[in-house]
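# Observations on the three-dimensional arrangement
Residues per chain, in single letters:
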Amino acid sequence: MLQQTINTKICAQGLGLHTGREVTVRLKPAPAGSGLRLKRSDLTGPPALKAVAANVTGTTLSTTLGQGENSISTIEHFLSALGALGVDNLLAEVDGPELPIFDGSSAEWLRLLNEAGLAPQPAPRIFQSLTRPFRLEMGDRSIEAWPAGRLSVEGHIDFGGFIGRQSFYYVASPSAFTAEISRARTFCRAQDVEMMRRQGLARGGSLANAVVVGDDGLLNPEGLRYRDEFIRHKILDFLGDLTLAGAPLLAHFTLRKPGHEINCRFLQAALAEPGLFHAVPAAELQNSRPARSRPFGLFWEEACNTA
Ligand SMILES: [Zn+2]
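Residues numbered from 1 in each chain as written. Predicted model: local features only at pLDDT ≥ 70, side-chain atom pairs only at ≥ 80, totals over all residues. Heavy atoms only, no water.

Distances from the zinc ion to its protein donors, His-77 (NE2), His-233 (NE2), Asp-237 (OD) and Asp-237 (OD), fall within 2.1 to 2.7 Å. Exposure remark for His-233: the relative accessible area of 1% places this residue in the buried category. Looking at Asp-237, the relative accessible area reads 8%, which means it is buried. (Donors = N, O, S within 2.8 Å, 3.2 Å for Na, K, Ca; no water. Buried < 20%, exposed > 50% of the residue type's maximum accessible area, 1.4 Å probe, protein only.)

The subject of this paragraph is the state of the cysteines. Two cysteines form a disulfide when their sulfur atoms are joined by a covalent bond. All told, the structure shown has zero disulfides when counted by the stated rule. Here Cys-188 stays free of any disulfide, with the sulfur of Cys-264 as its closest cysteine sulfur at 20 Å. (Disulfide = S-S within 2.5 Å.)

Judged by pairing direction, the sheet is mixed, and its five strands sit side by side in the order β2-β3-β9-β4-β5 without closing on themselves. Only two strands of the sheet have a single partner each, and these edge strands are β2 (10-15) and β5 (49-50). The sheet contact formed by strand β4 (residues 36-40) and strand β9 (residues 90-94) spans five bridges and is parallel. Residue Leu-38 lies in a different strand from β9, and its bridge partner there is Ala-92. In the packing of helix α2 (residues 107-116) onto the sheet, the strands contacted are β2, β3 (22-29) and β9, and the crossing angle to β2 comes to about 165 degrees. (Pairing = 2+ DSSP bridges. Helix = DSSP H or I, 4+ residues; strand = E, 2+ residues; numbered from the N terminus. Contact = heavy atoms within 4.5 Å. Axes fitted to C-alpha atoms, helices over the stretch in contact; angles between N-to-C directions.)

Moving on to the side chain of Thr-64. With respect to the helices and strands, the residue Thr-64 is situated in strand β7 (residues 64-67). Beyond its immediate chain neighbours, meaning those up to four positions away, Thr-64 contacts Asn-55, Val-56, Thr-57, Gly-58, Ser-71, Ile-72 and Ser-73.

A side chain of one charge can pair with a side chain of the opposite charge if their charged atoms are brought near each other. As enumerated under the stated definition, the model contains 17 salt bridges in all. Through salt bridges with shared partners, a single network forms among Glu-108, Arg-111 and Glu-115. (Salt bridge = Lys/Arg side-chain N within 4 Å of Asp/Glu carboxyl O.)

Judged by nonpolar contacts, the single largest core of 69 residues is most densely connected at Leu-27, Phe-78, Leu-90, Leu-244 and Phe-253. The biggest single contributor to this core is helix α5 (residues 229-242), with seven residues. Beyond its immediate chain neighbours, meaning those up to four positions away, Leu-27 contacts Ile-6, Thr-8, Lys-9, Ile-10, Phe-78, Leu-90, Leu-91, Ala-92, Trp-109 and Leu-113. Residues Cys-188, Met-196, Ala-202 and Val-212 belong to the second largest nonpolar core, which totals six residues. (Core = buried A, V, L, I, M, F, W, Y, C linked by side-chain atoms within 4.5 Å.)

Backbone geometry at Thr-74 places phi at a positive 55 degrees, although glycine is not the residue there. Its location among the elements puts Thr-74 in the loop between β8 (70-72) and α1 (76-85). Residue class for Thr-74 comes out buried when judged on its relative accessible area of 4%. A positive phi angle, close to 50 degrees, is found at Lys-257, a residue other than glycine. Under the relative-accessibility criterion, Lys-257 is labelled buried at 17%.

In structure tokens, the structure reads:
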């Protein structure tokens, strides 16, 4: 299995969720070993920002890379699609401070990447495999990682009300991401929309790019795309944040009430832990032991009832 980039340049326009301004993003092929990078094309001078956990500077409502003027927000739905398709190297140029929100999911990013096509590169793909369990807690939120021969994610949320408790188990593959995760939209409560607007956030937010939940249920007339769209979106976000490891990971993750802040803190703590990962070239992976799987459902009590 070789590293991959995209076959050809591709361009798209869309609204920024928080600024409400239209931005243009250009996706370009990039050399093997260069990783995923994002660049502000409206600024002269600042270098491209590498999409790695060390460059994360904000996790309020979305994940932000970079500092001050040279920053780019709302990168997670884009990164999630890149990670799912196994794109290792790419340069994204955007003429504003955030990527377009499109419909609030990864569907349009996936469509663009599929339209550009993927190109193998003359360098092996190197996975980082977890060597021992690792856990981070923040109040009633937690993320646990377990050694495994593949990437899988088990997520649990409990918002009460209309959303209620939801759980989902995802085993990573391009087809599973496309079918089960990619179309799940971001969501918020109706009462939070006013608060975000007062803070100057979500100016571009609307029912066209978010699921909005009011006291009496869903405000979106078209309804949900999946019965459990909310937890699927949380897993979409987590997968996007996980690409900030800078390499594809092999591990099983259990998420309890995940969000960008704990996702990124977990990743930064895990990457700082000596010997927690070891490099596995893709060629060795194909001959390695089968994935160790944990039965889904047994961990609900531990995951949410203790909250
Ligand atoms: Zn999201």
